[in-house]
Amino acid sequence: MKKLLPSLASASLFIIIIVAGSFAFKAKTPKILVFAKTAGFHHNSIAAGIPAIIKLGQENNFLVDTTTDSTKFTDDNLKQYAAVVFLSTTGNVLSDDEQAAFERFIKAGKGYVGVHAATDTEYDWPWYNKLVGAYFLRHPAQQNAVLNVVDTTFIATKHLPHVWKRFDEWYNFKDTHWDDVHVLITIDETSYTGGANGSFHPMSWYHSYDGGRAFYTELGHTDESYADPLYLGHLLGGIKYAIGK
């Protein structure tokens with residue numbers, strides 16, 4: 001009987017280590033908040049985007065909460081998240097206090113992802129304009145166009161073809177801050193009708209901003225985007241960058 005005691009002790013210690021390790025792993029799993037409030041145009045593709053992002057989280061080891069409730073933007077609630085995704089938000093979606101809490105969130109080293117109409121959001125908030133990188137101006141009819149991937153090494157674009165042909169709704173922008181961001185994708189205005197930004201027309205970019213990280217992609221108007229492996233890989237890379245992976 002005495003000879004079994006060391007083995008039992010070793011086994012118990014091994015189990016304790018495994019259990020403790022499991023708790024530590026869960027504690028380190030990053031969590032993001034997908035925010036999809038609209039005070040202007042409401043994109044039907046939000047309903048496709050939310051489950052697609054949840055699935056990306058399940059497959060890539062991050063947790064996903066979703067909300068359209070701006071009162072969730074408090075210091076106490078936001079501190080649990082590594083990044084916030086503005087999924088085709090439109091109009092004025094945050095109060096002054098909620099804006100201040102989100103600014104503190106970014107300044108604390110956290111991340112932001114803007115998807116499609118995130119640039120059609122908060123036109124009276126200069127800080128947000130610099131965070132997202134531009135504001136929406138207008139768009140032509142949805143159509144096919146040619147995208148040029150100008151950075152083929154970044155996590156959100158390294159899997160993409162250098163020339164990417166796809167169908168979507170293509171924004172023109174105003175109040176741009178493209179000199180302050182790292183551009184990932186541009187659109188060839190000669191490949192479609194209605195472009196208004198000229199020969200240099202960015203569609204996706206990222207940058208460090210005010211202590212945190214920001215990624216934006218104009219793509220994602222259509223429901224079909226959220227079943228497209230190329231687009232989902234692009235969005236996933238942006239989320240991972242914002243999280244800090």
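These numbers were taken from a predicted model, which means no experiment stands behind them.

**A short note on the overall build of the chain**
Secondary structure summary: the chain contains six helices and eleven strands in total. The long-range fraction of contacts in the chain, counting pairs at least 24 apart against all pairs at least 6 apart in sequence, stands at 73%. When the accessible area of the chain is evaluated, it comes to approximately 11500 Å², of which 57% is carbon and sulfur surface.

**A look at the pairing of strand β7 (residues 163-168)**
Of the two faces of β7, the one lined by W164, R166 and D168 is fully buried and the one lined by V163, K165 and F167 carries no buried residue. Pairing between strand β6 (residues 143-149) and β7: six bridges, direction antiparallel. By the bridge assignment for β7, N148 is matched with V163.

**Observations concerning the confidence of the model for the chain**
Scored by pLDDT, the chain has a mean of 92; 89% of the residues are at 70 or more. Scored below 50 in pLDDT, residues 1-26 shows one contact in the model against residues more than four places distant or in partner chains.

**With respect to the sheet that holds strand β9 (residues 182-188)**
Read from one edge to the other, the open sheet built from nine strands follows the order β2-β1-β3-β4-β11-β10-β9-β6-β7, with strand pairing classed as mixed. Two strands lie at the open edges of the sheet, namely β2 (63-67) and β7, each paired on one side alone. Along the sheet, successive strands turn relative to each other by an average axial angle of 20°, direction set aside. Summarising the sheet, strand β3 (residues 83-87) and strand β4 (residues 111-115) pair through five bridges and their orientation is parallel. Bridge assignment links F86 to a residue of β4, and that residue is G114.

**Side note on the packing of helix α2 (residues 46-60) against helix α6 (residues 229-243)**
Across the interface, α2 lies against α6 with an axial gap of 11 Å and an inter-helix angle of 65°. The orientation of α2 with respect to α6, classified from their angle, is roughly perpendicular. Seen along the crossing, α2 lies across α6 with a hand that is right-handed. Mapping the contact onto sequence places A52, I53, L56 and N60 in α2 and L232, L235, L236, I239 and K240 in α6. Split by residue class, the contact of α2 with α6 holds seven nonpolar, one polar and one charged.

**What to know about the pattern of salt bridges**
One pass over the full model with this rule turns up seven salt bridges. Here D76 and K79 are joined by a salt bridge, their closest N and O atoms 3.1 Å apart. One exposure class covers both D76 and K79, and it is exposed. The salt bridge involving K107 is made with D210; its shortest N-O contact spans 4.0 Å. Pair noted here: K107 is in helix α4 (residues 96-107) and D210 is in the loop between β10 (202-209) and β11 (212-217), with a separation of 103 residues, a long-range link. The exposure class assigned to K107 is partly exposed, which follows from its relative accessible area of 47%. The class for D210 is partly exposed, based on a relative accessible area of 34%.

**Let's talk about the packing of aromatic side chains**
Scanning all chains against the criterion turns up 27 aromatic pairs. Three or more aromatic residues joined by ring pairs make a cluster, and in this case those are F35, F73, F86, F102, F105, Y112, W125, W127, Y128 and Y209.

**A few points about unusual backbone geometry**
The phi torsion at H116 lies on the positive side, around 50°, for a residue other than glycine. Note on placement: H116 falls in the loop between β4 and α5 (126-132). A positive phi angle, near 50°, is found at D210, a position not held by glycine.

Definitions and limits used
Residues numbered from 1 in each chain as written. Predicted model: local features only at pLDDT ≥ 70, side-chain atom pairs only at ≥ 80, totals over all residues. Heavy atoms only, no water. Helix = DSSP H or I, 4+ residues; strand = E, 2+ residues; numbered from the N terminus. Contact = heavy atoms within 4.5 Å. Areas by Shrake-Rupley, 256 points an atom, 1.4 Å probe, with all protein chains shown as cover. Buried < 20%, exposed > 50% of the residue type's maximum accessible area, 1.4 Å probe, protein only. Pairing = 2+ DSSP bridges. pLDDT = per-residue confidence, 0-100. Axes fitted to C-alpha atoms, helices over the stretch in contact; angles between N-to-C directions. Parallel < 35°, antiparallel > 145°, perpendicular 65-115°, else oblique. Left-handed = near helix turned anticlockwise from the far one by under 90°. Nonpolar A, V, L, I, M, F, W, Y, C, P; charged D, E, K, R; others polar. Salt bridge = Lys/Arg side-chain N within 4 Å of Asp/Glu carboxyl O. Phe/Tyr/Trp six-rings, centres within 6.5 Å; stacked < 30°, edge-to-face > 60°.

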